[in-house]
Each structure stands twice: as structure tokens, then as C-alpha cells.
Amino acid sequence: MILLITPSSKAQECVHALQEATGEPAHVAGSFRQAAILLRAQEYTALVLDQNLLDAEPDESAVMFDHAATAIPVYVNFAISSTQRVVRELRAALQRRRREVASARNSAEQNLRNELKGNVTAMLLSCEIALETGELPPSAQAKMRAAYEQALDIKGKLGIAG
């Protein structure tokens, strides 16, 4: 969902263009106070902010940003920007966010794989050594084999080669 924050007379035209361009619902807030109320009620993916309003009400903008959560701020000067430019700016910001999220997810997955790789390998080796001793009672041997199979399954899910 997109929140357009501007007192501009172009707000309704712009919000319709943003909805059409992104396929996401969009709302208009004419002030930062109104935006803060909307932000408390629901989460938005992007905030399209009127630069002139930011300059005129810096203290109220700070309060509004406290409620913005993870919404991407897109700063636009409605006095000189066409609706098409606002749409382009928003699309670019959403595309950047998607790339950032994908990159962060990939990095987190790789870090988790790297962290677990050593533990899974140690588990597999410990199970193999315990099973090779032949000194385990049959019930313990069955449990050790089950633990070994589970560790192999984890290894496969993590995509660990070897």
C-alpha cells in the first residue's frame, strides 16, 4: 500500500496514477498529522512525500516518520514534478527495495548455511564414529542412525555439498 502525503491539488490525480502503475492501493494524506494517523492504522510499502510540506513542517514530519516502519520514503517536489515523474520515482524506489530485500535474504540464507555447515558436519562425523564402534546397544544404535539420517536431511535442505 502506498501513502501519498501532500496538500497539492494534484493529489487525487497522482494517487490514481500510482495505483494504476503499481497495482497497489494508495491513500492520500494532506498533512503529516493525518499521515501519522494512517500509518498507525496500517502498514505501507512506500511514502510519497511532498518536499515542500517537509520543508514547511519539519517537526511534524519527524513524528510521522516514527510511525513509518519499513515504508520507503520517496521525496517529490509536486510544484515542479509531473504525475509521470512521481510514478517513475516510486517505481524506481520499489524496484530498489525489492533488490535490497532479495540481497538481504540471500545474504541471511548464506550466513545461516555457513553457520550450520560445521555443526551438521560434526553431527554426521560423531554419528558415524559412534555407529562404527559397534559397542552401542541395538536401541541406541537405532536412535543414532535416526539422528544420522536427520542430519543428512538437514545437510540436503541446506544445500551443503560433500
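Let me begin by describing the structure that accompanies this report. (Residues numbered from 1 in each chain as written. Predicted model: local features only at pLDDT ≥ 70, side-chain atom pairs only at ≥ 80, totals over all residues. Heavy atoms only, no water.)

**Looking at the sheet that holds strand β1 (residues 2–5)**
The four strands lie next to each other as β2-β1-β3-β4, forming an open sheet whose pairing is parallel. The two strands at the open ends of the sheet, each matched to only one other strand, are β2 (26–29) and β4 (72–76). Strand-to-strand, the axes of this sheet are offset by a mean angle of 20°, without reference to chain direction. Across the sheet, helix α4 (residues 58–66) touches β1, β3 (46–50) and β4, and the angle it forms with β3 is around 175°. (Pairing = 2+ DSSP bridges. Helix = DSSP H or I, 4+ residues; strand = E, 2+ residues; numbered from the N terminus. Axes fitted to C-alpha atoms, helices over the stretch in contact; angles between N-to-C directions. Contact = heavy atoms within 4.5 Å.)

**Quick word on the pairing of β3**
Counting buried positions along β3 gives five out of five residues, so the element sits mostly inside the fold. Neither face of β3 is exposed, since Ala46, Val48 and Asp50 on one face and Leu47 and Leu49 on the opposite face are all buried. The sheet contact formed by β1 and β3 spans four bridges and is parallel. Looking at β3, one finds that Ile2 is bridged to Ala46. (Buried < 20%, exposed > 50% of the residue type's maximum accessible area, 1.4 Å probe, protein only.)

**Brief notes about the environment of Ala26**
Within the element layout of this structure, Ala26 appears in strand β2. When its relative accessible area of 9% is taken as the criterion, Ala26 is described as buried. Along the primary structure Ala26 and Asp50 are separated by 24 residues, whereas in three dimensions their C-alpha atoms are 15 Å apart. If near-sequence neighbours (up to four positions away) are discounted, Ala26 is found in contact with Ile2, Val15 and Gln19.

**Regarding the packing of helix α2 (residues 32–41) against α4**
The interhelical angle for the contact between α2 and α4, taken along N-to-C directions, is 5°, at an axis separation of 9 Å. Between α2 and α4, the angle falls in the class roughly parallel. Residues Phe32, Arg33, Ala35, Ala36 and Leu39 of α2 lie in contact with α4, whose contacting residues are Glu60, Ser61 and Met64. Split into classes, the residues belonging to the contact of α2 with α4 amount to five nonpolar, one polar and two charged. (Parallel < 35°, antiparallel > 145°, perpendicular 65-115°, else oblique. Nonpolar A, V, L, I, M, F, W, Y, C, P; charged D, E, K, R; others polar.)

**Section: the pattern of salt bridges**
Under the defined criterion, the tally for this structure stands at four salt bridges. One salt bridge connects Arg33 with Glu60, and the closest N-O pair in it is separated by 3.5 Å. Placement of the pair is Arg33 in helix α2 and Glu60 in helix α4, with a sequence separation of 27 residues. Arg33 sits in the exposed class, given a relative accessible area of 56%. Classification of Glu60 by relative accessible area gives partly exposed; the value is 28%. For Glu100, the salt bridge identified is with Arg97, shortest N-O distance 3.8 Å. Here Arg97 and Glu100 lie together in helix α5 (residues 83–133), a separation of three residues that amounts to about one turn. Relative accessible area serves as the criterion here: at 28%, Arg97 is assigned to the partly exposed category. (Salt bridge = Lys/Arg side-chain N within 4 Å of Asp/Glu carboxyl O.)

**Quick notes on unusual backbone geometry**
Notably, Ala69 is not glycine yet its phi reads approximately 50°, a positive angle. Following the sequence through the fold, Ala69 ends up in the loop between α4 and β4. You can call Ala69 exposed: its relative accessible area is 63%.

**Details of the side chain of Ser8**
Here Ser8 shows up in the loop between β1 and α1 (11–22). Residues contacting Ser8, with those up to four places away along its chain left out, are Asp50 and Phe78.

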